Amino acid sequence: MKSLFLRGEQVRLQEIPSPSPDGEPRIALRLAGICRTDLELAKGYMGYEGVLGHEFVGTLLDATDSLSAGTRVVGEINCGCGRCSWCHSGLERHCPNRTVLGISGRPGCFSEQLTLPERNLVPVPDSIPDERAVFAEPLAAVIEIFEQIPVRPMDSVAIIGDGKLGLLIGMVFTRHHTGPAFLIGHHPSKWKSIPEIPCIHENEIGNDMNAQFDIVIEASGTVSGLARAQQIIRPRGTIVLKSTMERSEPLNLTVSVVNEVTIVGSRCGRLPTAIRFLERTDLPVERLIEATYPLDRAKEAWKHACQSGALKICLKTKESA
Ligand SMILES: [Zn+2]
Ligand SMILES: [Zn+2]
């Protein structure tokens, strides 16, 4: 079967053996999304080699105890050992022995078929089309913010970064937060996909913005994002870090000590919560899709996703037609 495969820093479309029907439940890919993390993996993040991709919606090929074959599913990407204290407390995504779909120790979803443990599968209601369901994984990562920190109704919120994740965070905050929220970025052409949220160009951030925000969410994928977050956060405010990067640079955190800022790292969230969210709201996540390519043209899709300012680039198979 065809797969988009990472080896070294080379990404190529490659034939690999299909998964065995005797193992974990097989899923035929319908639609997958290319994420910034995929691009970072190709720069050496996590030292991963194998089939890329972790954002998907697919069709279950093998019936499980609770789901029949043919069910549309999304999947929790972290696969814990099932035996440690993290797994027993429902936090498999922190299991030290976990594998992660297309990121660590487990082939990803940019492929005709993938597999995941049965407990990771989440059925997708008919009311959610593929173009929305494919956002379940990144949306879960956004909703995670609300699980980790208290967001009070009138908190002023700044989101740094107008990439795919920053825009998605902006979308969720404009719908589910009553206080002022701003997005800081440098791609004005992308801002029209979220007309509900005021966007500011990073070059326009002056000293008048210093110490103005109760919550700053750093999703720029750049090292300078945290420095900017420290500049605009209020004393005793909370900075949420969403960027995972291969590159690192030294950063002086003294100002956060002086201002008693809380810094919270934030990664993956719960897929069932994201699916319920998509079912109950009309959040137009599908607006963030810039282009969809057939899996055969995955190399072209990859190139497109690598362009600065590209929104969500998707891969589809005949299943999704
Ligand atoms: Zn991702
Ligand atoms: Zn475990």
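Shown above is the structure to which this text applies.
Moving on: the overall build of the protein chain. The number of helices and strands found in the protein chain is nine helices and 18 strands. Radius of gyration (C-alpha) of the protein chain: 19 Å, near the 20 Å computed for a compact globule of 321 residues. Based on the C-alpha atoms only, the size of the protein chain along its principal axes is roughly 60 × 40 × 40 Å. Looking at the 321 residues of the protein chain, the share that counts as buried comes to 44%. Taking contacts inside the protein chain between residues at least 6 apart in sequence as the whole, the part at least 24 apart equals 68%.

With that out of the way, let us pick up the packing of helix H4 (residues 136–148) against helix H5 (residues 164–176). Running from N to C, H4 and H5 cross one another at 60°; their axes reach a closest spacing of 10 Å. Between H4 and H5, the angle falls in the class oblique. By crossing handedness, the relation of H4 to H5 is classed as right-handed. In this structure, H4 contributes Pro138, Leu139 and Val142 to the contact, and H5 contributes Leu165, Leu168, Ile169 and Val172.

Attention now moves to the nonpolar core. Side chains of nonpolar character tend, in soluble globular proteins, to be buried together. If you look at the biggest cluster of nonpolar residues, it comprises 83 residues, and the most contacted ones within it are Val74, Ala136, Leu139, Ile159, Leu168 and Val216. The leading source of residues in this core is H5, at seven residues. In contact with Ile159, not counting residues within four places along its chain, are Gly166, Ile169, Gly170, Phe173, Ala181, Leu183, Ile184, Ile217 and Ala219.

Looking now at the sheet that holds strand E4 (residues 50–51). Taken in spatial order, the three strands line up as E2-E1-E4 in an open sheet, and their pairing is antiparallel. Looking at which strands have only one partner, the edges of the open sheet turn out to be strand E2 (10–15) and E4. Here strand E1 (residues 2–7) pairs with E4 via two bridges, running antiparallel. The partner of Phe5 across the bridge, within E4, is Val51. In this fold helix H9 (residues 298–306) packs onto E1 and E2, with an angle of close to 160° to the strand it touches most, E2.

The pairing of strand E14 (residues 213–218) with strand E15 (residues 233–241) spans five bridges and is classified as parallel. Bridged to Ile217 within E15 is Val240. What joins E14 to E15 is helix H6 (residues 224–232), and the crossover it makes is right-handed. Relative to strand E16 (residues 262–265), E15 runs parallel, the two sharing four bridges.

This part covers unusual backbone geometry. Peptide bonds are, in most cases, trans, and in most cases residues other than glycine have a negative phi. Its identity is not glycine, yet Met46 carries a phi of approximately 70°, on the positive side. For Met46, the position within the fold is in the loop between helix H1 (36–41) and E4. Of note, the phi angle at Arg236 is positive, near 70°, even though the residue is not glycine. Considering the arrangement of structural elements, one finds Arg236 in strand E15. Since 10 C-beta atoms lie within 10 Å of it, Arg236 is described here as exposed.

Rules of the game
- Per chain, residue numbering runs from 1 following the sequence as it is written.
- In the order they appear in the text, chains get letters beginning with A and ligands get numbers beginning with 1.
- Where totals are concerned, whole chains, interfaces and linings use all residues; where local detail is concerned, this predicted model gives features only for residues with pLDDT of at least 70, and gives and counts side-chain atom pairs only at 80 or more.
- Only DSSP runs of H or I covering at least 4 residues are called helices, and only runs of E covering at least 2 are called strands; the numbering of each starts at the N terminus.
- Radius of gyration here is computed from C-alpha atoms only, and the compact-globule reference equals 2.2 Å multiplied by the residue count raised to the power 0.38.
- We call a residue exposed when 12 or fewer other C-beta atoms sit within 10 Å of its C-beta, buried when the count reaches 20 or more, and partly exposed for counts in between; the C-beta positions come from the backbone.
- With C-beta atoms placed from the backbone, a contact is any residue pair whose C-beta atoms sit within 7 Å.
- Structural elements are reduced to axes, namely lines fitted to C-alpha atoms, with helices fitted over the stretch in contact, and the angle between N-to-C directions of any two is expressed from 0 to 180 degrees.
- Orientation categories follow fixed angle ranges, with anything under 35 degrees roughly parallel, anything over 145 roughly antiparallel, 65 to 115 roughly perpendicular, and all other angles oblique.
- Crossings are sorted by hand: turned counterclockwise from the far helix by less than a right angle, the near helix makes the crossing left-handed, and turned clockwise it makes it right-handed.
- Definition of nonpolar core: a set of buried Ala, Val, Leu, Ile, Met, Phe, Trp, Tyr and Cys residues joined via C-beta atoms within 7 Å.
- When DSSP finds two or more bridges between two strands, those strands count as paired.
- Handedness of a crossover is defined as follows: orient the strands so they point away from the viewer, and if the path from the first strand over the helix to the second runs clockwise, the crossover is right-handed.

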